[in-house]
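Spelled out from the first residue to the last, the chains are:
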Amino acid sequence: MSTIDLELMTAAMPNATLTRRERVILSNLSEDVTLEQIATKLFVTRNTVKSQVRSVYRKLGVSSRADAVAWASQAGLRQS
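Residues numbered from 1 in each chain as written. Predicted model: local features only at pLDDT ≥ 70, side-chain atom pairs only at ≥ 80, totals over all residues. Heavy atoms only, no water.

On a plain count of helices and strands, the protein chain comes out with five helices and zero strands. Moving toward the C terminus, one meets the helices and strands of the protein chain in the order α-α-α-α-α. Per-residue burial for the protein chain yields a buried fraction of 36% across its 80 residues. Of the contacts made within the protein chain by residues no fewer than 6 positions apart, 66% connect residues no fewer than 24 positions apart. (Helix = DSSP H or I, 4+ residues; strand = E, 2+ residues; numbered from the N terminus. Buried < 20%, exposed > 50% of the residue type's maximum accessible area, 1.4 Å probe, protein only. Contact = heavy atoms within 4.5 Å.)

What follows is the structure, encoded as structure tokens:
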């Protein structure tokens, strides 16, 4: 994904379109963390995290964790 694509996505989908929980999930989606680890950290089930990740992907128009992490970085969201 190019920087231009990320800039267009950021402009089209500001952080306000994500719920607070979706922003928390997105900030936890580093490459070296499993959904199970995120779920344990947030005191929810893996399936809850999986559902929230799918919602984030849909809202951002991405299809991979790497693209979501790149979007978060471009949007200035900090990683947990």
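From this point, the discussion proceeds with the structure in view.
This part takes up the packing of helix α2 (residues 20-27) against helix α4 (residues 46-60). It is at 9 Å that the axes of α2 and α4 come closest, and there the two elements cross at 95°. Taken together, the axes of α2 and α4 lie roughly perpendicular to each other. For the pair α2 and α4, contact is made by Arg21, Glu22, Ile25 and Leu26 and by Val49, Gln52, Val53, Ser55, Val56, Lys59 and Leu60, respectively. Residue classes in the contact of α2 with α4 are distributed as six nonpolar, two polar and three charged. (Axes fitted to C-alpha atoms, helices over the stretch in contact; angles between N-to-C directions. Parallel < 35°, antiparallel > 145°, perpendicular 65-115°, else oblique. Nonpolar A, V, L, I, M, F, W, Y, C, P; charged D, E, K, R; others polar.)

Time to look at helix α5 (residues 65-75). Looking only at α5, the buried set comprises Arg65, Asp67, Ala68, Val69, Trp71 and Ala72. Positive phi shows up at Gly76, right after α5, with a value of about 85°.

Another aspect to go through is the nonpolar core. Judged by nonpolar contacts, the single largest core of 19 residues is most densely connected at Leu26, Leu29, Ile38, Val49, Val53 and Leu60. At the level of secondary structure, the elements contributing two or more residues to this core comprise α2, α3 (35-42), α4 and α5. In terms of residue count, α4 provides more of this core than any other element does, five residues in total. (Core = buried A, V, L, I, M, F, W, Y, C linked by side-chain atoms within 4.5 Å.)

The next point concerns α4. Under the 1.5 Å per step criterion, the end-to-end length of α4 is 21 Å for 15 residues, consistent within 8% with the ideal 21 Å. Residue Gly61 follows α4 closely and has a positive phi angle near 75°. (Expected span 1.5 Å × (residues − 1).)

Tallied over the entire structure, the rule returns one salt bridge. Of the charged contacts, one joins Lys59 and Glu22 as a salt bridge, the two residues approaching to 2.9 Å between their closest N and O atoms. One end of the pair, Lys59, is in helix α4; the other, Glu22, is in helix α2, with 37 residues separating them in the sequence. You can call Glu22 buried: its relative accessible area is 6%. (Salt bridge = Lys/Arg side-chain N within 4 Å of Asp/Glu carboxyl O.)

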